[in-house]
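In case you want the letters, here they are:
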Amino acid sequence: MANDTIIRFDNVTKSYNSNTTVLKGVSFELERGKFYTLLGPSGCGKTTILRIIAGFEAPTTGDVFINSKRVNNVPANERQVNTVFQDYALFPHLNVFENVAFGLRIKKVKEAEIKARVAEALKFVNLAGYENREITEMSGGQRQRVAIARAIVNDPEVILLDEPLSALDLKLRTEMQYELRELQQRLGKTFIFVTHDQEEALAMSDEIFVLNEGNIQQSGTPVDIYDEPINRFVADFIGESNIVDGVMLEDYKVQFAGKVFDCVDGGMKQNEKIEVVIRPEDLHLTTPAAGKITVRVDTQLFRGVHYELSTYDKDGNEWLVHSLKQAEVGAQVGLDFDPEAIHIMRLNETEEEFDARIEAYTNEV
Amino acid sequence: MKFKPKATFSPYLLWIVLFVIAPIGLIFYYSLLDLNGDFTLANYRNFFTPAYLTMTLTSFWYAFLITFFTLLIAYPTAYFLTKTKHKHLWLMLVIIPSWINLLLKTYAFIGIFGLYGPVNAMIEVFGFDPTQILFTDFSFVFVAVYIFIPFMIIPIFNALDKMNPSLIYAARDLGASAFTTFRRVIFPLTIEGVKSGIQVTFIPALSLFMITRLIAGNKVITLGTAIEQQFLVAQNWGMGSTIAVFLILIMFASMRLTRKKKRGGRA
């Protein structure tokens, strides 16, 4: 459904000067009304993508489309896009009402309509009655809401959020995650959210784009990305993971840690060298006899919800285990896991190749 | 250690009494004396005669012109300075001339604007006759503006520099054109810098007197020139003090007008 595409990047690059390239050929399509997250470490280019969509920066090469219209040269003030800034960027010389009304006043909306729309936007973010407050009188969380109200009041097609929760404390941040997700669903608008916090990305998004060094590493639903990371970077960045080298003997048979295991992956060459990912929470403590691999507990940290155990097998591979049960440091324990817990990553596989392979071997079944 | 406010503040208190309060008191006292040293209100009556009122108005007019042109040049300059790569170096270069003695700079302009100076030499190159630039209103305002520019740039530069750049992005994002962004965000947020700049320009411009003599050739009589003449030429300390009293009142008034207001938006 081409009609549902609201933003399209076609091989977009961005360089500053001649030697610093921030984006190295990024292409993607975003559908109307979904919650997208651009996730990656600092300097990966996620904020640059946002600034290109907003119109603060122009791509060096490649094309950007909003609603199938090429917008490379359309200035920020003529785009149907509004941004919630990392530092909120509220106007300190205006009160809450005037901050929210700013965009409407510029569009010369009638005074009565401005009043009604600002009131509605403030109600949306639970700030009804705060119209006459000064920005300096608002707390961090309230300023955040004003910034969101100032964006949504203009009824934009896309709302861009540049790490908007990073300045809030943990509890407020979690609360705002729920609120933002709910707000997006009520408004039905496209949200593009930039963050370096993987938990935030997993909790809120319809689709995540994992970026590193100016390239999209992987895109997909939170579950897809968590369960089927395409490479070591994604596996490492999204949650904690155990990554060990292995060999794919044949479809559904993998060898690692000196043993052969059943798994659910296929479509690779025989005896292909691969990497195996097992999430720490998929490893279960048991007795050495009952376990699939035997390890020695090296250290143990209490994390509140679970214990985090660092263990080593006889080959010296580290296995991180999240366990509800306590273990004894120095003891030999067995680790058990399901075939579904084994995720196979081919070396240097691109996203297209990955998708094609998944399609090919799932069709066979 | 116990803090003793009275003992600590006494040197400053003494300073203020000796060099601020006492002189103002003396000025007020002298303004009530006539040439013979008798008490009188005649000086105040004189001030409200057309001659002095015209002079006050002229003074205001020139101070206004000087402030206006200084602001007109200083604001864009300060704005572009904040955009340069080595903004503090550039600011330094703008400020350095203000360290040179005012009189020296004024004399330099006598040379530049004189009949045999470089400006007239340029005019002759283009085939025109040398003209008298010195001792005109133009040269007076020009030199005064030149002198005040650094003092106006500094507070405006600081205000612009302090402004969060993402506010400009926010305004653009909300649909404001470059001009609207300036009018509704940048200028209101730097208005305090502009006010400080006006204070340090307008008030001294009211009482300029060396430049009026050297550059304007006493054609422009300001309140400052009048005070100087009353004291040194006419030896009428009473009248000189009376003008000074009014100058002080005007200063307070203009400071009140440009003082910081509590931040507040339209309700």
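Cut-off values and rules
- Residues numbered from 1 in each chain as written.
- Chains lettered and ligands numbered in written order.
- Predicted model: local features only at pLDDT ≥ 70, side-chain atom pairs only at ≥ 80, totals over all residues.
- Heavy atoms only, no water.
- Domains from an automatic or database assignment.
- Contact = heavy atoms within 4.5 Å.
- Buried area = accessible area lost by both parts, 1.4 Å probe.
- Salt bridge = Lys/Arg side-chain N within 4 Å of Asp/Glu carboxyl O.
- Pairing = 2+ DSSP bridges.
- Helix = DSSP H or I, 4+ residues; strand = E, 2+ residues; numbered from the N terminus.
- Axes fitted to C-alpha atoms, helices over the stretch in contact; angles between N-to-C directions.
- Patch = residues over 30% accessible without salt bridge, like charges linked within 9 Å, V, L, I, M, F, W, Y side chains within 5 Å.
- Areas by Shrake-Rupley, 256 points an atom, 1.4 Å probe, with all protein chains shown as cover.
- Buried < 20%, exposed > 50% of the residue type's maximum accessible area, 1.4 Å probe, protein only.
- Core = buried A, V, L, I, M, F, W, Y, C linked by side-chain atoms within 4.5 Å.

Student: Before we go on, may I ask you to explain the domain arrangement of chain A in this structure?
Tutor: The parts lose accessible area when they come together, and the size of an interface is often stated as this lost area. Residue and element names in this part refer to chain A. The assigned domain composition of chain A is domain 1 (2-227), domain 2 (240-278 + 339-365) and domain 3 (284-336). Each partner contributes residues to the interface: domain 2 has 10 residues there, and domain 3 has 11 residues. Where domain 2 abuts domain 3, roughly 840 Å² becomes buried across the two surfaces, and 57% of that area is made up of carbon and sulfur atoms. If you sort the residues of domain 2 by the area they bury against domain 3, Glu240, Asn242 and Ala257 come out on top, with a joint share of 54%. Across the contact surface, domain 2 and domain 3 share zero salt bridges.

Student: I would appreciate a short explanation of the sheet that holds strand β2 (residues 20-31) of chain A in the present structure.
Tutor: Strand-to-strand pairing in sheets goes through backbone hydrogen bonds, with the strands running parallel or antiparallel. Residue and element names in this part refer to chain A. One open sheet holds the four strands; their spatial order is β2-β1-β4-β5, and the pairing between them is antiparallel. Because the sheet does not close on itself, it has two edges, and the strands there are β2 and β5 (69-70). In this sheet, strand β4 (residues 61-66) lies alongside strand β1 (residues 5-16) in antiparallel orientation, the contact comprising five bridges. What sits directly across from Thr13, in β4, is Thr61. Sheet strands touched by helix α1 (residues 46-54): β1, β2 and β4. Its angle to β1, the strand with the most contacts, is close to 120 degrees.

Student: Could you clarify how one ought to interpret the environment of Lys259(A) in this entry?
Tutor: Along the polypeptide, Lys259(A) turns up in strand β13 (residues 259-262). With residues up to four places along the chain from it excluded, the contact list for Lys259(A) reads Val254(A), Lys292(A) and Ile293(A).

Student: Before we go on, may I ask you to explain a nonpolar patch on the surface in this structure?
Tutor: Taken together, the side chains of Leu13(B), Leu14(B), Trp15(B), Ile16(B), Val17(B), Leu18(B), Phe19(B), Val20(B), Ile21(B) and Ile24(B) make up a nonpolar region of the molecular surface, amounting to roughly 1,000 Å² of accessible area. Take Ile16(B): its relative accessible area is 39%, and that puts it in the partly exposed class.

Student: Looking at this structure, I do not really get the nonpolar core. What am I missing?
Tutor: Within soluble globular proteins, side chains that are nonpolar generally end up buried alongside one another. The biggest cluster of nonpolar side chains holds 94 residues, and the ones touching the most others in it are Ile7(A) and Phe9(A). With 13 residues, the single largest contributor to this core is helix α7 (residues 137-162) of chain B. The residues touching Ile7(A), leaving out its near neighbours within four places in the chain, are Phe28(A), Glu29(A), Leu30(A), Ile53(A), Phe65(A), Ile66(A), Val158(A) and Ile192(A). Listed in part, the 35 residues of the second largest apolar core include Val96(A), Val100(A), Val125(A) and Ala151(A).

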